[in-house]
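# Structural overview for review
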Amino acid sequence: MTAAHTASADPGPRAPGAGEALPQHVRTAFGVADAPPRPVAWAGQRAWQCGEALIRPVSDNAVAAWSAGVLENLTVEGVRLARPLRSSDGRWVVAGWAACRFLPGSAEPRHDDVVAAAMRLHAATAHVLRPRLLDDRDDVLSRSVSAAFGERRLTLDPATGGDLFSELGAYRRPVKLVPQVVHGELFGAVLFDSDGSPAVLDLVPFWRPAEWAAAVVVIDALAWGNADAGILERWSHLAEWPQALLRALLYRLALHAQHPEGTVRSLGGLERAAGLISARL
């Protein structure tokens, strides 16, 4: 994964490495004390499979608990959801760890299928109320998306995305897209089983239009997933698509320009995406 896409991850505790163990008291709390823990990689995250449970560290307890509360009863047509598991005392998070049902699957370059899964997921989350935890959120993700929508100014490194951000930002036009709860980081986080059925582990909440969340997947696919340029046309029926793409690209540029490992070289993928959508603005 490139430095730019790494920037999309929420800052938080480092995911455990191969030499770190899943605490026994956490396994006990989630009812899998007797199941041998097996280290696995799930959508790029380090986790442990314990029988039918998947236990993973979380970077934000409040977000993890909110996500579990939403996914507990959510139904999404055509998308498997990793149902969250409560601890023995009813908590969603125990000492920075969360659990869900283990779902088989692997990340695959099925970019259009990920966009389709995003649209189905967000049709289901359209009724979810805006979480209050977003009110005080001030991290690199929230700052970058606010800048992408022209709601705040950021000082960005010119060489690693700032100049391109400024250039493209001039093409922003007002949009009438409706904000709702969306998962803003689905690229690489949707897994497919042997039958091609997509699965989603959790939610990374944003209060933004569903079209924007779909556009983020497309920008990531073009920049990091070697997607063909035709993906832009295949989803052009979405409302205000050029402006949704522009805001998605600005979001990624802002993230890249703030990331300590962002370089002129790693900017190349986003420059490719910018070249492909510029003609549509």
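Described in the following lines is the structure provided in the data block.

Here is what the cut-offs are and how they apply
Residues numbered from 1 in each chain as written. Predicted model: local features only at pLDDT ≥ 70, side-chain atom pairs only at ≥ 80, totals over all residues. Heavy atoms only, no water. Axes fitted to C-alpha atoms, helices over the stretch in contact; angles between N-to-C directions. Helix = DSSP H or I, 4+ residues; strand = E, 2+ residues; numbered from the N terminus. Parallel < 35°, antiparallel > 145°, perpendicular 65-115°, else oblique. Left-handed = near helix turned anticlockwise from the far one by under 90°. Contact = heavy atoms within 4.5 Å. Nonpolar A, V, L, I, M, F, W, Y, C, P; charged D, E, K, R; others polar. Buried < 20%, exposed > 50% of the residue type's maximum accessible area, 1.4 Å probe, protein only. Polar contact = N/O pair within 3.5 Å; in protein donor to acceptor, adjacent residues only side chain to side chain. Pairing = 2+ DSSP bridges.

Attention now goes to the packing of helix H4 (residues 111-124) against helix H7 (residues 210-224). Viewed as axis vectors pointing N to C, H4 and H7 meet at an angle of 165 degrees, and their least axial separation amounts to 9 Å. Classified by the angle between their axes, H4 and H7 sit roughly antiparallel to one another. Crossing of H4 against H7: the hand is right-handed. Within the contact between the two elements, H4 uses His-111, Val-114, Val-115, Met-119 and His-122 and H7 uses Ala-210, Ala-213, Ala-214, Val-217, Val-218 and Ala-221. Each residue belonging to the contact of H4 with H7 can be placed in one class, and the counts come to nine nonpolar, two polar and no charged.

On to helix H3 (residues 61-71), then. All buried positions along H3 are accounted for by Val-63, Ala-64, Trp-66, Ser-67, Ala-68, Val-70 and Leu-71. Of the surrounding secondary structure, the elements contacted by the buried residues of H3 are strand E4 (80-81), strand E5 (84-85), strand E6 (93-94), strand E8 (179-183) and strand E11 (205-209). The N-terminus of H3 is capped by Asp-60, whose side-chain oxygen sits 3.0 Å from the backbone nitrogen of Ala-62.

Let us now look at the sheet that holds strand E10 (residues 198-200). An order of E4-E10-E9 is seen for the three strands of this open sheet, with the pairing classed as mixed. Looking at the sheet topology across the chains shown, the edges are occupied by E4 and strand E9 (190-192). In terms of strand pairing, E9 meets E10 through three bridges, oriented antiparallel. Paired with Leu-191 across the bridge in E10 is Ala-199. Of the strands in this sheet, E4, E9 and E10 touch H4, which is tilted by about 120 degrees from E9.

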